[in-house]
Amino acid sequence: MYKNVIVTKNSVKRYCLHIKGGVTMHKWFICLFLIFSFSYTSQAHAFSKQVIQRGAVGDDVIELQARLQYLGFYRGKIDGVFGWRTYWALRNFQYKFQLPVDGLAGQTTKQKLVRASKYYKSFVHENLRKGNTFTHYGGVPLSKQVKVRQTRTNNRATTQKAANTQLKKRANPQQTATRNARTAAVNVPNGFSQNDLQLMANAVHGEARGEPYIGQVAVAAVILNRINSPSFPNTVAGVIFEPGAFTAVADGQIWLTPNETSRKAVLDALNGWDPSSGALYYFNPNTATNGWIWSRPQIKRIGKHIFCK
């Protein structure tokens, strides 16, 4: 007869307060039973008992990535694959919360994650099933964290094709052969191609050559952060060639041949290092002419660049 009754934390609290005046043993047993049942249910939906480590796949990793992203540590794709980006995000979380920094999601780390974050499981799994591009950041309405795909596929393909064509036009056969030989053994993280790596290296070289190495990695990280943000295109070419986005595109410096430092900086960013702390913008205060950029919340300064949200 009680199968349609919905028990919530607030209803349990109200019931316990209600019986405070006239307590009977029976009522106290009911109250305690509801409280323990509620606590057990809350824990049962958070992870399994296994230690989650690099190389793992499945629902535990999905939850791990979602919770880390909710707190701003993980900025990659929620895909249920525990790779390097997830590993470094987890280590950063452990360091920030004064836990043993080992890159392993054991019981203590998982408990701290559960207490510090939220996990909208139905939202995450629904978008995974639909193949949507989405994020799970805390403080952002879920409705604004799903990208509408519609006709953008053709636009992305066209943009990527145009970028590849420009790269081929500006590289002579000898340079192309040398570059292919040099990059054949490079392990590019899943979801990115050699063309993505090359284009990002061009952008980093054009935007940040001469900056300290950490500043070059930070510029590459900004490109990736934009890809993962619903407010920007979701491909490397789309982000880099978005009108007015990068000075190096406007003045042609993106077509300079990148050096190995630029390429290494891109790989470090692709593997999860984000010295910008999640920045979506950066600018040089000595040369910036757009007053709007000064209105963005500033995160930090690296070299000559100020990185912003």
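Numbering of residues starts from 1 in each chain and follows the order in which that chain's sequence is written. Only residues with pLDDT of at least 70 are given local features in this predicted model, and only at 80 or more are side-chain atom pairs given and counted; all residues enter the totals for whole chains, interfaces and linings. Neither water nor hydrogens contribute to the side-chain values; these are computed over all heavy atoms in the structure.

Angular values range over 0 to 180 degrees, each being the angle between N-to-C directions of two axes fitted as lines to C-alpha atoms, with helices fitted over their stretch in contact. Helix numbering and strand numbering both begin at the N terminus, where a helix is a DSSP run of H or I of at least 4 residues and a strand a DSSP run of E of at least 2. Helix H4 (residues 84-96) packs onto helix H3 (residues 59-70) with a crossing angle of 55 degrees between their chain directions and a minimal axis gap of 10 Å. Accordingly, the angle class assigned to the pair H3 and H4 is oblique. Judged by the sense of rotation from one axis to the other, the crossing of H3 with H4 is left-handed. Along the contact surface, H3 presents Leu 64, Gln 65 and Leu 68, while H4 presents Thr 86, Ala 89, Leu 90 and Phe 93. Class assignment for the residues of the contact of H3 with H4 results in five nonpolar, two polar and no charged. Here the angle decides the label: under 35 degrees means roughly parallel, over 145 means roughly antiparallel, 65 to 115 means roughly perpendicular, and every other value means oblique. We call a crossing left-handed when the near helix sits turned anticlockwise from the far one by less than a right angle, and right-handed when that turn is clockwise. Pairs of residues are marked as contacts when any of their non-hydrogen atoms sit within 4.5 Å. We call Asp, Glu, Lys and Arg charged. Ala, Val, Leu, Ile, Met, Phe, Trp, Tyr, Cys and Pro are nonpolar, and the rest, Gly among them, are polar.

A regular strand places its side chains on the two faces of the sheet in alternate fashion. Any two strands with at least two DSSP bridges between them are considered paired. Across four bridges, the pairing between strand E2 (residues 298-302) and strand E3 (residues 305-308) is antiparallel. Its bridge partner lying in E3, Ile 302 is registered against His 305. The hairpin formed by E2 and E3 contains two residues between the paired strands, and Gly 303 there has a positive phi angle of roughly 60 degrees.

A few words now on the nonpolar core. What tends to happen in soluble globular proteins is that the nonpolar side chains get buried as a cluster. Side-chain atoms within 4.5 Å are what join buried Ala, Val, Leu, Ile, Met, Phe, Trp, Tyr and Cys residues into a set we call a nonpolar core. Here the term buried applies to any residue with accessible area under 20% of the maximum for its type, exposed to any over 50%, and partly exposed to those in between, with areas from a 1.4 Å probe on protein chains only. In terms of nonpolar packing, the biggest core is built from 32 residues, with Met 200, Ile 223, Ile 240, Val 266 and Phe 307 touching the most fellow members. Sorting the residues of this core by element identifies helix H9 (194-208), helix H10 (213-227), helix H11 (236-240) and helix H13 (260-270) as the ones contributing at least two each. When neighbours within four sequence positions are excluded, Ile 240 is seen to be in contact with Leu 199, Met 200, Ala 203, Ile 223, Phe 246, Val 249 and Ile 254. Judged by nonpolar contacts, the second largest core, of 22 residues, contains Leu 64, Phe 82, Leu 90 and Phe 134.

One can describe the packing of H9 onto H13 by two numbers: an axis separation of 8 Å at closest approach and a directional angle of 115 degrees. Handedness of the crossing formed by H9 with H13: right-handed. Each of Leu 197, Gln 198, Met 200, Ala 201, Val 204 and His 205 in H9 lies in contact with H13, whose residues at this interface are Ser 262, Arg 263, Val 266, Leu 267 and Leu 270. The residue makeup of the contact of H9 with H13, split by class, is seven nonpolar, three polar and one charged.

Aromatic rings from Phe, Tyr and Trp, taking only the six-membered ring of Trp, are treated as a pair when their centres fall within 6.5 Å; an angle between ring planes under 30 degrees marks them as stacked, one over 60 as edge-to-face, and anything in between as tilted. Applying the stated criterion to the full structure yields 13 aromatic pairs. Grouped by ring-pair contacts, the aromatic residues Phe 73, Phe 93 and Phe 97 constitute a single cluster. Charges are assigned to positions over rings by a cutoff of 6 Å between ring centre and Lys NZ or Arg CZ, combined with an angular limit of 35 degrees from the ring normal. If you follow Arg 54 out to its NZ or CZ, it ends over the ring of Trp 84, 3.9 Å from the centre.

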